[in-house]
Amino acid sequence: MIKYTALKKEDKEVYAAIEKEAARQADELEMIASENYVSPAVLEAMGSVLTNKYSEGYPAHRYYGGNQVIDEVETIAIERAKKLFNAEHVNVQPLSGSPANAAIYFAFLKPGNKVLGLRLDHGGHLSHGHPVNFSGLLYNFVQYGVDDKTGYIDMKAVREIALREKPKMIVAGFSAYSREIDWQEFKNIADEIGAYTFADIAHIAGLVAAGIVGNPVPIFDVVSTTTHKTLRGPRGAIIMCKEKYAKQIDRAVFPGMQGGPHDHITAAKAVAFGEALRPEFKEYAKQVVANAKFLAAEFIKRGYRVVSGGTDNHLLVVDMTSKNITGRDAEEVLNKIGISVNRSTIPNDPNPPLKPSGVRFGTPALTTRGMKEKEISLIAELIDRAIMNKEDETKLAELKTEVKKLCKKFPLPTAK
Ligand SMILES: *Cc1c(COP(=O)(O)O)cnc(C)c1O
């Protein structure tokens, strides 16, 4: 149990807010696919004195003195990440997923260059060329989508668009896509037109590390991932690339995009990578996917339409209009019973982005608490009862009590 002794004494206001959030996390079911719970060891590294240090540069090449220990920490993080993902070169300094992607574009492209990425409303990410994001403003993004009928990425269409548009880079990687990605096929297409290959595995990194889904690192030129999603580390990111791009990636991160690295976060990344290298993590990742597959089947059994008919990873997108409710209203109803999810567009959504048809469900956080198929089945039942009784406040209050009861049986890693 984390005590926050000094904080409690020195700043009652912030202490009270943190305690409230800790209670919320403990008493609610977290089904946002991009969230997870870190271990006490990761949390301790994040709260360490390493936050006091400035260390612009890289191990053995710093612009400040006193970095002997920081060099050791950063090297441990790099070596563990290399082993985890079978990478030739790793930069562990990116502050988060979006800045990591910005550094990658900066390393390989000039403003105005053409890039091919997945449409946001088909499961892509803002940093893959959305018009309001820097990526869409600085670069000329053209986009591919998923097949109307199957919900799978249409690789034939990807190839056609690539050959027609001749982008300088092809981006593969997603925030709301539940199927395996054919990395080799993306690479083959890119090779036909001499394009760079960039995989963004922010969501699936933990599953990749555990060997449950395919690993693009040995195939692609460059790969980014956040460290705080399925990988279960601190909020941050890393970039992996072939040795021949090491210099240009490192230069793009610093001094190109960032100043001093967050050394306390680097330490926490090292701890998380160490955890992910253990056999228990493989078991965890396996259960994450088993739980997601089971959840998809539970929804289908109850008449919900699941985009693409199921999942191969940790997430699924459910078309809530199959139960006469929008994704936004479903998000609100589930919030009332203590289940956190986020609304999501479905491919070719007839509803507007702020009121989309879908909800994205993920199992990484539930699985970290130790939940398995038995609990997933109960959760699907609670979700369905909430949706069916969406206007019955008494029923919803009862369901909230049931959610809390389940949560009590599965304490968070940091509460033990
Ligand atoms: C989450 C995510 C990011 C962005 O990560 P932040 O840390 O929120 O900036 C980038 N790409 C993909 C595919 C993601 O899912």
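Definitions and limits used
- Residues numbered from 1 in each chain as written.
- Predicted model: local features only at pLDDT ≥ 70, side-chain atom pairs only at ≥ 80, totals over all residues.
- Heavy atoms only, no water.
- Domains from an automatic or database assignment.
- Contact = heavy atoms within 4.5 Å.
- Buried area = accessible area lost by both parts, 1.4 Å probe.
- Salt bridge = Lys/Arg side-chain N within 4 Å of Asp/Glu carboxyl O.
- Polar contact = N/O pair within 3.5 Å; in protein donor to acceptor, adjacent residues only side chain to side chain.
- Nonpolar A, V, L, I, M, F, W, Y, C, P; charged D, E, K, R; others polar.
- Helix = DSSP H or I, 4+ residues; strand = E, 2+ residues; numbered from the N terminus.
- Expected span 1.5 Å × (residues − 1).
- Buried < 20%, exposed > 50% of the residue type's maximum accessible area, 1.4 Å probe, protein only.
- Arc of directions from axis to C-beta.
- Phe/Tyr/Trp six-rings, centres within 6.5 Å; stacked < 30°, edge-to-face > 60°.
- Lys NZ or Arg CZ within 6 Å of the ring centre and 35° of its normal.

## Focus: the domain arrangement of the protein
The domain boundaries assigned to the protein delineate domain 1 (44–276) and domain 2 (282–415). Between the C-alpha centres of domain 1 and domain 2 there is a distance of 28 Å. On the domain 2 side, the residues contacting the 24 residues of domain 1 number 25 residues. Taken over both partners, the interface formed by domain 1 and domain 2 buries close to 1,900 Å², and the fraction arising from carbon and sulfur atoms is 55%. Taken as a group, Ser 178, Arg 179 and Arg 232 account for 28% of the area that domain 1 buries against domain 2, more than any other trio of residues on that side. Connecting domain 1 to domain 2 are one salt bridge. With its nearest N and O atoms 3.0 Å apart, the salt bridge here joins Asp 312 to Arg 179. If you look at where domain 1 meets domain 2, you find 15 residue pairs in polar contact (both at pLDDT 80 or more). In the side of domain 1 that touches domain 2, the residues fall into ten nonpolar, eight polar and six charged.

## Structural notes on helix H4 (residues 68–85)
Under the 1.5 Å per step criterion, the end-to-end length of H4 is 26 Å for 18 residues, consistent within 8% with the ideal 26 Å. Taken as a whole, H4 has its buried residues at Ile 70, Asp 71, Val 73, Glu 74, Ala 77, Ile 78, Ala 81, Leu 84 and Phe 85. Across the axial projection of H4, the buried residues extend over an arc of 165°, all falling on one side. What points out from H4, more than 90 degrees from its buried face, is the exposed set Gln 68, Val 69, Glu 72 and Lys 83. Those residues of H4 that are buried lie in contact with strand S2 (57–58), strand S3 (61–62), strand S4 (89–91), helix H9 (205–209), strand S10 (237–241) and helix H11 (263–276). Positive backbone phi, at 60°, marks Asn 86, one or two positions downstream of H4.

## Focus: the packing of aromatic side chains
Scanning all chains against the criterion turns up 15 aromatic pairs. Look at Tyr 105 and Phe 134: their rings are 6.2 Å apart centre to centre, the planes differ by 55°, and that puts the pair in the tilted class. Taken together, the positions of Tyr 105 in helix H5 (residues 97–108) and Phe 134 in helix H6 (residues 134–138) put the pair 29 residues apart, joining distant regions of the chain. You can call Phe 134 partly exposed: its relative accessible area is 26%. Here a set of aromatic residues connected by ring pairs shows up, and it is made of Tyr 105, Phe 134, Tyr 139, Phe 141 and Phe 198. The cationic tip of Lys 323 hangs over the ring face of Tyr 304; the distance from NZ or CZ to the ring centre is 5.0 Å.

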